[in-house]
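Observations on the model geometry
The residues making up each chain are set out below.
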Amino acid sequence: VVALAMERLSELDAASAVLAVYTVAKLGSAAGLPASIVASPGFSEILERLRLQMGQLRRPRQFARLAWAIGKLDQRTEVAMALVSGVVASVPPLLPQFSSQELSNTLWGLARVVPVGAGGSSRCAEERSAGCAVVHTGFNEVRTLASAIVAESS
């Protein structure tokens, strides 16, 4: 998947890049892909291309797949956290359009990589990463809005 995406990197739009990252995560969990694939320069280039094209993502499924894949692959690189930041910034107005599965996958993926301590407090001081507080605040907003939507639909 990574090799094919790399061959066509210049043609890869945001939706296709999300699909490539999602497929690597899905195959990796099923087939036990080696960590070297995720650590490869090619995979990093796909993530970087996606970071540059984040504004093209529009559908809840795209955000859900991206968040799930980053969480599944336990990606905490600078570019992965920039993607997470893009997800938490973009998702709130779209939350009413999310299916329950998309909502679940998004929250699960974000919860895996957003530095949260006991009681939901930020671990940003421990993480010392750029943008950590922004990601944590965005995650809390998504989580709160999602809870309100679930409560409203019950």
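Quick notes on the rules
- Residues numbered from 1 in each chain as written.
- Predicted model: local features only at pLDDT ≥ 70, side-chain atom pairs only at ≥ 80, totals over all residues.
- Heavy atoms only, no water.
- Helix = DSSP H or I, 4+ residues; strand = E, 2+ residues; numbered from the N terminus.
- Expected span 1.5 Å × (residues − 1).
- Buried < 20%, exposed > 50% of the residue type's maximum accessible area, 1.4 Å probe, protein only.
- Salt bridge = Lys/Arg side-chain N within 4 Å of Asp/Glu carboxyl O.
- Core = buried A, V, L, I, M, F, W, Y, C linked by side-chain atoms within 4.5 Å.
- Contact = heavy atoms within 4.5 Å.

**Regarding helix α6 (residues 78–90)**
Note on helix geometry: an α-helix contains 3.6 residues per turn, so any two residues three or four positions apart are oriented the same way. With 13 residues, α6 ought to run about 18 Å at 1.5 Å a step, and its terminal C-alpha atoms sit 18 Å apart, in line with that. Within α6 the residues assigned to the buried category are V79, A80, M81, L83, V84, G86, V87 and V88.

**What to know about unusual backbone geometry**
A positive phi angle, close to 50 degrees, is found at D74, a residue other than glycine. Mapped onto the fold, D74 is located in the loop between α5 (60–72) and α6.

**Focus on the pattern of salt bridges**
By the definition in use, this model includes three salt bridges. A salt bridge links E48 to R51; the nearest nitrogen and oxygen atoms lie 2.5 Å apart. Pair noted here: E48 and R51 are both in helix α4 (residues 41–52), with a separation of three residues, about one helical turn. Exposure remark for R51: the relative accessible area of 34% places this residue in the partly exposed category. For the salt bridge of D74 with R76, the shortest nitrogen-to-oxygen distance reads 2.9 Å. The class for R76 is partly exposed, based on a relative accessible area of 40%.

**Structural notes on the nonpolar core**
Counting residues in each nonpolar core, the largest one holds 42 residues, and the members touching the most others are L50, L57, F63, L66, V84, V87 and L110. Taken together, the elements giving at least two residues each to this core come down to α2 (14–31), α4, α5, α6, α7 (100–113) and α9 (132–153). Residues within four places of L57 in sequence aside, it is in contact with A14, A15, V18, L50, Q62, F63 and L66.

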